[in-house]
Amino acid sequence: QSALTQPASVSGSPGQSITISCAGTSSDIGFYNFVSWYQQQPSRPPKLIIYEVSNRSSGVSSRFSGSRSGNTASLTISGLQAEDEADYYCSSYTSNTTRVFGGGTKVTVL
Amino acid sequence: EVQLLESGGDLVQPGGSLRLSCAASGFTFNNYAMSWVRQSPRKGLEWVSTISAGGRNTYYADSVKGRFTISRDNSKNTLYLQMNSLRAEDTAEYYCAKDRRWLKEMDHWGQGTLVSVSS
């Protein structure tokens, strides 16, 4: 159950677009359409923002989008806003009938 | 409104035991799988365990297998996590979460309960 690989940090200016990558294997991201993304604000529980690779959770801004290419999933935030500053985690279902998280990416709005 | 309220977190010595509870409301509890996820201080999320809607099937991370037991009481809308043989590395905030789809994504989370393992 090795963790998925995310960059530790990503930053951007207001209005810019940023992309967070999430690298897995052919036993998780590469095989199943069950990649999800969570946003965690400081001292708050995680919040589901994307499920099944590219579906936005209810009430989530259209500025958030998800995609996948091979064994790597990506979360793109367009029109970056100050309120987007948070930690972001990817997760995937795995062939071992378990789930695995990425190490998390801290997004900073400059 | 979905609400998940964890309780039971405490300071415990290495080798000790603890039982966490999660009281659920605002949805049909016995229709959904439920999970525990933990987060060590200043670190990332780690999936701990998931139980099917009816309680028959359980799944665990390798790091807790054989030491932790997940269970549920659908008559009380409550999820549990029995933690035995606790280690320092089990120190974390423990979140209860509702599975939108079994073992896929978790669409509602509790506020968490803190478990500290130290002598």
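Residues numbered from 1 in each chain as written. Chains lettered and ligands numbered in written order. Predicted model: local features only at pLDDT ≥ 70, side-chain atom pairs only at ≥ 80, totals over all residues. Heavy atoms only, no water.

S.K.: I tried to follow the overall build of chain B on my own but got confused; where do I start?
M.R.: Along the backbone of chain B there are zero helices and eleven strands. For chain B, the sequential pattern of α-helices and β-strands runs β-β-β-β-β-β-β-β-β-β-β. Taking 2.2 N^0.38 as the reference for a compact globule, 119 residues should give roughly 14 Å; the C-alpha atoms of chain B span a radius of gyration of 13 Å, in line with that estimate. Seen through its principal axes, chain B has C-alpha atoms that stretch 40 × 25 × 25 Å. (Helix = DSSP H or I, 4+ residues; strand = E, 2+ residues; numbered from the N terminus. Rg over C-alpha atoms; globule rule 2.2 N^0.38 Å.)

S.K.: Whenever I open this one, the side chain of A:Thr98 confuses me. Can you help?
M.R.: Mapping A:Thr98 onto the fold places it in the loop between strand S8 (86–93) and strand S9 (99–101). On the basis of relative accessible area, A:Thr98 is assigned to the buried category, the value being 4%. (Buried < 20%, exposed > 50% of the residue type's maximum accessible area, 1.4 Å probe, protein only.)

S.K.: For this particular structure, what's the right way to read the state of the cysteines?
M.R.: By definition, a disulfide links the sulfur atoms of two cysteines through a covalent bond. Residues and elements named next belong to chain A. Per the stated rule, a full pass over the model turns up two disulfides over all chains. Through a disulfide, Cys22 is tied to Cys90; the S-S separation comes to 2.0 Å. Handedness of the Cys22-Cys90 disulfide follows from its S-S torsion of about 80°: it is right-handed. In this pair, Cys22 sits in strand S2 (residues 18–23) while Cys90 sits in strand S8, placing the two residues 68 residues apart along the sequence. The burial state of Cys22 is the same as that of Cys90; both residues are buried. (Disulfide = S-S within 2.5 Å.)

S.K.: Sorry, what's going on with the interface of chain B and chain A here?
M.R.: One frequent convention defines the size of an interface as the accessible area lost when the parts assemble. Taken together, the 26 residues of chain B in the interface contact 18 residues of chain A. When chain B packs against chain A, close to 2,000 Å² is buried across both sides, 58% of that on carbon and sulfur atoms. Of all residues in chain B, B:Leu45, B:Trp47 and B:Lys104 bury the most surface against chain A, accounting for 30% of the area lost on that side. Counting every contact that joins chain B to chain A gives three salt bridges. (Contact = heavy atoms within 4.5 Å. Buried area = accessible area lost by both parts, 1.4 Å probe. Salt bridge = Lys/Arg side-chain N within 4 Å of Asp/Glu carboxyl O.)

S.K.: I keep staring at the packing of aromatic side chains and nothing clicks. Help me out?
M.R.: Scanning all chains against the criterion turns up eleven aromatic pairs over all chains. Judged by centre distance (6.3 Å) and plane angle (35°), the ring pair of A:Phe64 and A:Tyr88 falls under tilted. In this pair, A:Phe64 is assigned in strand S6 (residues 64–69) and A:Tyr88 in strand S8, connecting sequence segments 24 residues apart. With respect to class, A:Phe64 is no different from A:Tyr88; both count as buried. A ring pair is formed by B:Phe27 and B:Tyr32, whose centres lie 5.9 Å apart and whose planes are at 70°; its orientation type is edge-to-face. Taken together, A:Phe31, A:Tyr32, A:Phe34, A:Tyr93, B:Tyr59 and B:Trp102 form an aromatic cluster joined through their ring pairs. (Phe/Tyr/Trp six-rings, centres within 6.5 Å; stacked < 30°, edge-to-face > 60°.)

S.K.: Please clarify how the sheet that holds S2(A) should be interpreted in this entry.
M.R.: Two pairing modes exist for strands in a sheet, parallel and antiparallel, and in both the strands are linked by backbone hydrogen bonds. All names here are of chain A. In space, the three strands of this open sheet follow the order S2-S7-S6, with antiparallel pairing throughout. The open sheet has two edge strands with one neighbour each: S2 and S6. Each adjacent strand pair in this sheet contributes to an overall mean axis angle of 20°, direction not counted. Both S2 and strand S7 (residues 72–77) contribute to a ladder of six bridges, which runs antiparallel. Each bridged residue has a counterpart across the sheet, and for Ser21 the counterpart in S7 is Ser74. (Pairing = 2+ DSSP bridges. Axes fitted to C-alpha atoms, helices over the stretch in contact; angles between N-to-C directions.)

S.K.: I would appreciate a short explanation of the sheet that holds strand S7 (residues 68–73) of chain B in the present structure.
M.R.: Residue and element names in this part refer to chain B. Read across the sheet, four strands follow the order S1-S3-S8-S7 without closing on themselves; strand pairing throughout is antiparallel. In this open sheet, the two edge strands, each paired with only one partner strand, are strand S1 (3–7) and S7. Neighbour-to-neighbour, the strand axes of the sheet open up by a mean angle of 15°, direction not taken into account. Two strands pair when backbone bridges link them, and strand S3 (residues 18–25) and strand S8 (residues 78–83) are joined in this way by six bridges, in the antiparallel orientation. The partner of Ala23 across the bridge, within S8, is Thr78.

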